[in-house]
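A structural walkthrough
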Amino acid sequence: MLPYAAYLRVYEPLTAFAESERKVWADYADSRDRPRRANALSAEHDESVMRLLGVPPQPVPAQESPNAYLRRVEDRLYVCPWQTRLRSWLAFSRRRGATPQKLMDHLVPRNVADRVADDFDRFKRTAGSSALRTHIRSTAWHVPPSWFVPFDGNERWLVLGSSVPGQDVKTTATGRNLIYVTSMAQARRRAARALNVLRKHLGDLAAGFEVEEIARWLEEFHPHSLVELDYGGLVHLMDDDALQADQSVAEMAAALTGLDTGQEELAYAMYQRVILRWKSMQQLESAN
């Protein structure tokens, strides 16, 4: 888990879970010992660092995390499980498939990597396809343009606070964050509209916008869920002026509207604003 990352999360209502899980999550919500929102990312990060610093390193935890992000709306509990083990398996599989073997051997001993792969294969054979569904997606150093599509500019929640060199960047602290939250119904409607606009006007080029992947992912969850975009640790790479000026969600919506109404210059200008903003953010990774 990287410190400078953003997150796309789905919170399902408690009733969406199997009966055996409902009591577990209800008791968890009442627990005083569970990680709170302000330090949850820090707890996840510290846990992953300790695993990777072990001898030998442990890229995937031995057990699934018992933790979750929680939201309450009008006394209704919504749950977004961390699924740290599953997310680690998926991330490790992607990394191993994209990294030359010699380099991978320097990162994780081959016998450890083989064991992790075997464990994941056994899990997939016995758990079923639904068990591979993750409630959280993460991305380092930027937010993909497709992640802005499910939201509306008016759903933006910005809290400014201090961000100084040397401070803990692993957590979305209560004093500084940028979050969007919407209903699943709204998220699906906006994703479907965007997909229709892109296919209508861009044809095969629409695939490059990855909106279809997000739309398919949203369809996997309970229709009364909540969807959240959290800038996470990225808020610590942006000063107050940059955070206040960031209207990526509204700009993506304007780009799609412009494309659909024949205002091509507007569509291009709005889309370029989003792309250039996050391209400059990604460049910070190689600058460190």
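Remember, predicted model here, so these are calculated numbers, not experimental data. (Residues numbered from 1 in each chain as written. Predicted model: local features only at pLDDT ≥ 70, side-chain atom pairs only at ≥ 80, totals over all residues. Heavy atoms only, no water.)

**Topic: the layout of surface pockets**
The gaps of empty space that remain are located by a probe, the size of a water molecule, rolled over the atoms. In this structure, the largest pocket spans a volume of roughly 1,500 Å³. Taken together, 41 residues line the largest pocket, and the ones lying closest to its centre are R87, A91, F92, R94 and S138. Looking at the lining of the largest pocket, the elements that each hand over two or more residues are β1 (5-13), α2 (37-53), α3 (84-98), α4 (101-107), β4 (136-140) and α7 (211-218). It is α3 that contributes the most residues to the lining of the largest pocket, nine residues altogether. Looking at the lining of the largest pocket residue by residue, the classes come out as 22 nonpolar, eight polar and 11 charged. Here the second largest pocket is characterised by a volume of approximately 490 Å³. As for the second largest pocket, its lining consists of 21 residues, of which E21, E64, P81, Q83 and H135 are closest to the centre. Counting residues per element, the ones that place at least two in the lining of the second largest pocket are α1 (19-30) and α3. (1 Å grid on protein atoms, 1.4 Å probe; cavity = no way out; pocket = protein on both sides within 12 Å on 5 of 7 lines; lining within 4 Å. Points joined across faces, edges and corners; volume = space filled by probe spheres on them. Helix = DSSP H or I, 4+ residues; strand = E, 2+ residues; numbered from the N terminus. Nonpolar A, V, L, I, M, F, W, Y, C, P; charged D, E, K, R; others polar.)

**So, the packing of aromatic side chains**
A ring pair, where both rings are aromatic, is described by two values, the distance of the centres and the angle of the planes. The full count for this structure, using the stated rule, is 11 aromatic pairs. Between the aromatic rings of F209 and Y271, the centroid separation amounts to 5.3 Å while the plane-to-plane angle is 50°, which identifies the pairing as tilted. Remark: Y271 occurs in helix α10 (residues 264-287) and F209 occurs in the loop between α6 (184-202) and α7; sequence separation between them is 62 residues. For F209, a relative accessible area of 22% puts it in the partly exposed group. What makes Y271 partly exposed here is its relative accessible area of 23%. Joined through ring pairs, the aromatic side chains of F17, W25 and Y28 make up one cluster. Sitting above the plane of the F120 ring, K124 keeps its charged end 4.5 Å from the centroid. (Phe/Tyr/Trp six-rings, centres within 6.5 Å; stacked < 30°, edge-to-face > 60°. Buried < 20%, exposed > 50% of the residue type's maximum accessible area, 1.4 Å probe, protein only. Lys NZ or Arg CZ within 6 Å of the ring centre and 35° of its normal.)

**Things to note about the pattern of salt bridges**
All chains considered together, the criterion is met by 17 salt bridges. For E228, the salt bridge is made with R9, and the minimal N-O distance between the two is 2.5 Å. With E228 in strand β7 (residues 226-230) and R9 in strand β1, the pair connects residues that are 219 residues apart, well separated along the chain. For E228, a relative accessible area of 0% gives the class buried. Through salt bridges with shared partners, a single ionic network connects R9, R71, E228 and D230. (Salt bridge = Lys/Arg side-chain N within 4 Å of Asp/Glu carboxyl O.)

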